[in-house]
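Residue-level structure breakdown
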Amino acid sequence: MKSSNVKYFKRIPLIAALTAISFNIEALPAPATGISFVDSGQALGTGTTTRTALVDIDGDGDLDALSANYGQNDKVWINDGSGTFTDSGQNLTTYASWDVCTGDIDADGDIDVGYANWNTAGSS
């Protein structure tokens, strides 16, 4: 039987206030009448993303994206303010992640990130 473990990453303080939303894309309600969405054409990675957390990582007032992935490293995607996301180059885990969450876990005023991973060969 597979078990899960949780990886914890401490982020370097860049912002004092936390603004975070974590969601499962399948769980979003249908849009209200008169609202429409347009495909931006962006592909954030090549693996299977199991969860995404939106949080202002760089303190510029827009929501950046953290992805929990299966088949590639978990990633941090920086929003340029126009809705275009760029890979930050940070590879946070190399395991099969199934969830990501953000919050001020240690109450020091900055954003911390937690990933939950499937217990796979080679993981701790």
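These notes cover the structure that comes with them. Just so it is clear, the model here is predicted, and its values are computed rather than measured. (Residues numbered from 1 in each chain as written. Predicted model: local features only at pLDDT ≥ 70, side-chain atom pairs only at ≥ 80, totals over all residues. Heavy atoms only, no water.)

Our focus in this paragraph is the side chain of Asp74. With respect to the helices and strands, Asp74 occurs in the loop between strand 4 (64–70) and strand 5 (75–79). A distance of 2.6 Å separates the side chain of Asp74 from the backbone nitrogen of Asn69, its partner in a polar contact. Sequence-distant contacts of Asp74, that is, excluding residues within four places in its chain, are made with Ser67, Ala68, Asn69, Gln90, Asn91, Leu92, Thr93, Ser97, Tyr115 and Asn117. (Helix = DSSP H or I, 4+ residues; strand = E, 2+ residues; numbered from the N terminus. Polar contact = N/O pair within 3.5 Å; in protein donor to acceptor, adjacent residues only side chain to side chain. Contact = heavy atoms within 4.5 Å.)

Pairing between strand 5 and strand 6 (residues 85–91): four bridges, direction antiparallel. Bridge assignment links Trp77 to a residue of strand 6, and that residue is Asp87. Counting the residues between successive antiparallel strands, the hairpin from strand 5 to strand 6 contains five residues, one of them, Gly81, with a positive phi of roughly 100°. (Pairing = 2+ DSSP bridges.)

What follows deals with the pattern of salt bridges. For the structure shown, the criterion picks out two salt bridges. One salt bridge in this structure joins Asp99 and Arg51, with 4.0 Å as the shortest N-O distance. You can see Asp99 sitting in strand 7 (residues 97–103) and its partner Arg51 sitting in strand 3 (residues 48–55), a full 48 residues away along the chain. For Asp99, a relative accessible area of 25% puts it in the partly exposed group. (Salt bridge = Lys/Arg side-chain N within 4 Å of Asp/Glu carboxyl O. Buried < 20%, exposed > 50% of the residue type's maximum accessible area, 1.4 Å probe, protein only.)

Moving on, we get to the nonpolar core. If you look at the biggest cluster of nonpolar residues, it comprises 11 residues: Ala53, Val55, Ile57, Leu66, Ala68, Val76, Leu92, Val100, Ile111, Val113 and Tyr115. Elements that contribute at least two residues to this core include exactly strand 3, strand 4 and strand 8 (112–118). (Core = buried A, V, L, I, M, F, W, Y, C linked by side-chain atoms within 4.5 Å.)

Moving on, we get to the packing of aromatic side chains. Here the structure, examined in full by the defined rule, presents one aromatic pair. For the pair Trp98 and Trp118, a centre-to-centre distance of 6.1 Å together with 45° between the ring planes defines the contact as tilted. Placement of the pair is Trp98 in strand 7 and Trp118 in strand 8, with a sequence separation of 20 residues. (Phe/Tyr/Trp six-rings, centres within 6.5 Å; stacked < 30°, edge-to-face > 60°.)

As a further point, take the environment of Ala53. Mapped onto the fold, Ala53 is located in strand 3. When its relative accessible area of 1% is taken as the criterion, Ala53 is described as buried. C-alpha separation for the pair Ala53 and Asp99, spaced 46 residues apart in sequence, amounts to 8.9 Å.

In short, geometric facts, not functional conclusions.
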